[in-house]
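A look at the structure
Chain by chain, the residues run as shown.
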Amino acid sequence: SHWTDLGAFIAYEALMDDIADEAPVRRLEEADLVFHEAVRPGDLGLKVDPPEASPHPIGIPARQVARLNDDNRVFLNGHRIDYECPEAGETVCLILGDSFAHMMLPFMAETFGRLTFAHITTLDQELVDELGPDVVVSIMNERFMIRVPSDDGAKTLAELGAEKRSRGAVYPPRVKEGTRVDTPGDLET
């Protein structure tokens, strides 16, 4: 049900078409990426027994200059990841979203001077005030729009993160380097 890296890159290109005139960015082109295919179970393939694997196109910037600065490892809502890419200039971007944003993050991390991903469905004004972003992007699966989230009275990312941490709902330590989200799909909450 999640998009592939190729699908995420197509969405990235459309987003950059809209953003490029509003803020200076380091835009990636398809020629800047290296795609290879990996056979692995996807999100739906993991829901059957035994898990079903299929080919997935994996897109990686050929010249990766962005770096992941911090990942709070909170499971789903409350997850925060901060990136930095000095070659991309000074533009700051905040992405509010869900797991659909994960595939786009390696491209977005290379595009903005600073990028923060917040796994949250509402606008967190405290986070906006903290970061002072030039660009705020919402990347959310339409299934979460059946009942549109309300920002009024919504918990902040920090509050969601603290609640999850107190329950032990965190991912194990990162095992991979780079800007790709490193979160096992089978973590229990």
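Remember, it's a predicted structure, so these values are computed and weren't measured experimentally. (Residues numbered from 1 in each chain as written. Predicted model: local features only at pLDDT ≥ 70, side-chain atom pairs only at ≥ 80, totals over all residues. Heavy atoms only, no water.)

**Quick word on the pattern of salt bridges**
Across all of its chains, the model carries 11 salt bridges by this definition. The closest approach of N and O atoms between glutamate 29 and arginine 27, which form a salt bridge, is 3.7 Å. Take glutamate 29: its relative accessible area is 39%, and that puts it in the partly exposed class. Linking lysine 155 and glutamate 163 is a salt bridge whose minimum nitrogen-to-oxygen distance equals 2.7 Å. Classification of glutamate 163 as partly exposed rests on a relative accessible area of 32%. Through salt bridges with shared partners, one network takes in Asp17, Arg27 and Glu29. (Salt bridge = Lys/Arg side-chain N within 4 Å of Asp/Glu carboxyl O. Buried < 20%, exposed > 50% of the residue type's maximum accessible area, 1.4 Å probe, protein only.)

**Some points on the side chain of threonine 91**
For threonine 91, the location among the structural elements is in the loop between β4 (80-84) and β5 (92-97). Classification of threonine 91 by relative accessible area gives buried; the value is 4%. Contact partners of threonine 91, with chain neighbours within four places excluded, come to Ala23, Pro24, Phe112, Gly113, Arg114, Asp134 and Val135. (Helix = DSSP H or I, 4+ residues; strand = E, 2+ residues; numbered from the N terminus. Contact = heavy atoms within 4.5 Å.)

**Some points on the packing of aromatic side chains**
The full count for this structure, using the stated rule, is five aromatic pairs. Ring geometry for phenylalanine 9 and tyrosine 12: centres 5.4 Å apart, planes at 25°, overall stacked. Within this pair, phenylalanine 9 and its partner tyrosine 12 are both found in helix α1 (residues 5-19), separated by three residues, close to a single helical turn. Accessibility assignment for this pair places phenylalanine 9 and tyrosine 12 in one class, buried. Grouping aromatic residues by their ring pairs yields a cluster made of Phe9, Tyr12 and Phe107. (Phe/Tyr/Trp six-rings, centres within 6.5 Å; stacked < 30°, edge-to-face > 60°.)

**Description of the environment of glycine 168**
Here glycine 168 is to be found in the segment after α4 (157-167). Take glycine 168: its relative accessible area is 46%, and that puts it in the partly exposed class. Here the alpha-carbon distance between glycine 168 and phenylalanine 75, two residues 93 residues apart in the chain, equals 9.0 Å.

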